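Residue strings, one per chain:
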Amino acid sequence: MKKAFLFRKLENKKVQCLNCNHKCILNNNSIGLCGVRKNIDGILYNLIYNKIISESIDPIEKKPLYHFLPNTKTYSISCVGCNFKCPWCQNFEISQILKKGFLIGKPRKKEDIIKNALKHNCTSISYTYTEPTVWSEFIYEVSLFAKKNNLKNIWVTNGYFSKECLNYFTKKGLIDAMNIDLKSFNEKTYKEYCNADLKKVISSIEEAYLNRIHIEITTLIIPGVNDNLKEMDKLSKFIFTLDKKGEIPWHISRFFPAYKMVNKSITSIKILEKIKEIGIKNKLKYIYIGNVF
Ligand code: SF4
Ligand code: SF4
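Residues numbered from 1 in each chain as written. Chains lettered and ligands numbered in written order. Predicted model: local features only at pLDDT ≥ 70, side-chain atom pairs only at ≥ 80, totals over all residues. Heavy atoms only, no water.

A. Layout of the site of ligand 1. Every residue near ligand 1 is listed here: Cys17, Asn19, Cys20, His22, Lys23, Cys24, Gly32, Leu33, Cys34, Arg37 and Asn83. Under a 2 Å grid-point criterion requiring more than half of the atoms, the pocket assigned to ligand 1 is the largest cavity. For the shell around ligand 1, a count of residues per class yields five nonpolar, four polar and two charged. (Near = heavy atom within 4 Å. 1 Å grid on protein atoms, 1.4 Å probe; cavity = no way out; pocket = protein on both sides within 12 Å on 5 of 7 lines; lining within 4 Å. Sits in = over half its atoms within 2 Å of the grid points. Nonpolar A, V, L, I, M, F, W, Y, C, P; charged D, E, K, R; others polar.)

B. Structural view of empty space enclosed by the protein. With the rule as written, the count across this model stands at one cavity of 30 Å³ or more. Within this model, the largest cavity holds a volume of roughly 90 Å³. (Points joined across faces, edges and corners; volume = space filled by probe spheres on them.)

C. Structural context of the packing of helix 6 (residues 198-210) against helix 7 (residues 229-243). Two elements in contact, helix 6 and helix 7, have axes separated by 10 Å at closest approach and are oriented at 30 degrees. Taken as axis vectors, helix 6 and helix 7 run roughly parallel relative to one another. Considering the relative orientation of helix 6 and helix 7, their crossing is right-handed. The segment helix 6 lies against helix 7, with Ile202, Ile205, Glu206 and Tyr209 engaging Phe238, Leu242 and Asp243. When the residues that make up the contact of helix 6 with helix 7 are grouped by side-chain class, the tally is five nonpolar, no polar and two charged. (Axes fitted to C-alpha atoms, helices over the stretch in contact; angles between N-to-C directions. Helix = DSSP H or I, 4+ residues; strand = E, 2+ residues; numbered from the N terminus. Parallel < 35°, antiparallel > 145°, perpendicular 65-115°, else oblique. Left-handed = near helix turned anticlockwise from the far one by under 90°. Contact = heavy atoms within 4.5 Å.)

D. Here's a closer look at the sheet that holds strand 6 (residues 43-46). In spatial order, the strands read 1-6-5; together these three strands make up an open sheet with antiparallel pairing. Lying at the two open borders of the sheet, with one neighbouring strand each, are strand 1 (2-3) and strand 5 (37-40). Two strands pair when backbone bridges link them, and strand 5 and strand 6 are joined in this way by four bridges, in the antiparallel orientation. Looking at strand 6, one finds that asparagine 39 is bridged to leucine 44. (Pairing = 2+ DSSP bridges.)

E. A look at helix 3 (residues 136-148). An ideal rise of 1.5 Å per residue puts 18 Å on 13 residues; helix 3 measures up with 18 Å between its terminal C-alpha atoms. The complete set of buried residues in helix 3 reads Ser136, Glu137, Phe138, Ile139, Tyr140, Val142, Ser143 and Ala146. Phi for asparagine 150, located one or two positions after helix 3, is positive at around 60 degrees. (Expected span 1.5 Å × (residues − 1). Buried < 20%, exposed > 50% of the residue type's maximum accessible area, 1.4 Å probe, protein only.)

F. Spotlight on the layout of surface pockets. In this model, the largest pocket occupies a volume close to 980 Å³. Along the walls of the largest pocket sit 36 residues, with Lys63, Gln90, Asn91, Val156 and Asp181 positioned nearest its centre. Across the lining of the largest pocket, the residue classes tally to 13 nonpolar, 14 polar and nine charged.

G. Just the domain arrangement of the protein, in detail. Domain annotation of the protein identifies domain 1 (2-46) and domain 2 (51-290). The centre of domain 1, based on its C-alpha atoms, is set 24 Å off from the matching centre of domain 2. Taken residue by residue, the interface counts 17 residues in domain 1 and 27 residues in domain 2. Summing both partners gives a buried area of about 1,700 Å² for domain 1 against domain 2, and 54% of it is carried by carbon and sulfur. Area buried by domain 1 at its contact with domain 2 is led by Phe5, Asn21 and His22, which between them contribute 36% of it. Our count for the domain 1 to domain 2 interface comes out at three salt bridges. Here glutamate 137 ties to arginine 37 by a salt bridge, and the two come within 2.7 Å at their closest N and O atoms. On the surface where domain 1 and domain 2 come into contact, there are 14 residue pairs in polar contact (both at pLDDT 80 or more). (Domains from an automatic or database assignment. Buried area = accessible area lost by both parts, 1.4 Å probe. Salt bridge = Lys/Arg side-chain N within 4 Å of Asp/Glu carboxyl O. Polar contact = N/O pair within 3.5 Å; in protein donor to acceptor, adjacent residues only side chain to side chain.)

H. Region of interest: the environment of methionine 232. Mapped onto the elements of the fold, methionine 232 is located in helix 7. Given the relative accessible area of 0%, methionine 232 is considered buried. For the pair methionine 232 and proline 107, spaced 125 residues apart in the sequence, the C-alpha separation amounts to 41 Å. Dropping the residues within four chain positions of it, methionine 232 is found in contact with Thr219, Ile221, Asn226, Trp250, Ile275 and Ile278.

I. How the structure looks around the sheet that holds strand 3 (residues 15-17). Strand order in the open sheet formed by three strands is 2-3-4, and the pairing between neighbours is antiparallel. In this open sheet, the two strands that pair with only one neighbour each are strand 2 (7-9) and strand 4 (25-26). The pairing of strand 2 with strand 3 spans three bridges and is antiparallel. From the neighbouring strand, lysine 9 faces strand 3, where its bridge partner is valine 15.

J. Expanded view of the pairing of strand 9 (residues 73-78). Most of strand 9 is tucked away: five of the six residues are buried. One ladder, built from six bridges, connects strand 8 (residues 54-59) with strand 9; its direction is antiparallel. The partner of isoleucine 57 across the bridge, within strand 9, is tyrosine 75. Here five bridges tie strand 9 to strand 11 (residues 122-127), and the two strands are oriented parallel to one another. Bridging from a neighbouring strand, tyrosine 75 pairs with isoleucine 125 of strand 11.

In structure tokens, the structure reads:
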């Protein structure tokens, strides 16, 4: 357990978490939407802190990042918990486990993580598999130590980090690259499936870009959820507006049934190719179809 670094105290021992854009207001002894942050006597704590649930060595292309340190290995770590509850989540066993009340993971020291990364010739650390924002206190410590050892820091994120959180890291130059999910370009879809606000995700992507973080965007194409060509037209136009050169990579990923969406069909290759054509029409130079074997 670790005292959170981004919260404000309110009356009657309430607190407001400023870590992600949900900005949860918590009564004494209550837990935030992510399930890993608790108000104890008017102080906000991160309950998982350094409890690592997953640790592995990946090709950086698996994040996916295709235009950042290509052909290198990245050391991937994760804690449990997420501020979204996507019904298609491929990692639901660790992202949603908190709903069952388990705060599992193995306590790890930042020194050991960096030592392992260097031993395996990784050039970066990736905070991934669940949402990094919800375990930001440990990420901060690992990131500082990674920098001292000439390793880059990568976030694989749903883009719901708050401006305060982003600033906390960027003022020390602690984020080098991000793969950001842009799950949809429809307010209703974000609201219905993620309990989130599309405008805030858009704003986070813009902020990350303005902070000179290398960004690549991923959209998982799910039949009946976002495989709408008009929506993808708008989404790809938005990506172009970021640099106005079309050089930001867009990964369009094939959906496979998972978690609460086991009855949906797999995305057809044909629709992925149509969406790719739309992106090309909208002047995106680097579009990659993913999860196609
Ligand atoms: S990280 Fe987000 S979801 Fe979790 S308590 Fe803070 S504001 Fe709420
Ligand atoms: S944001 Fe990612 S990790 Fe979180 S629930 Fe959605 S798909 Fe899973």
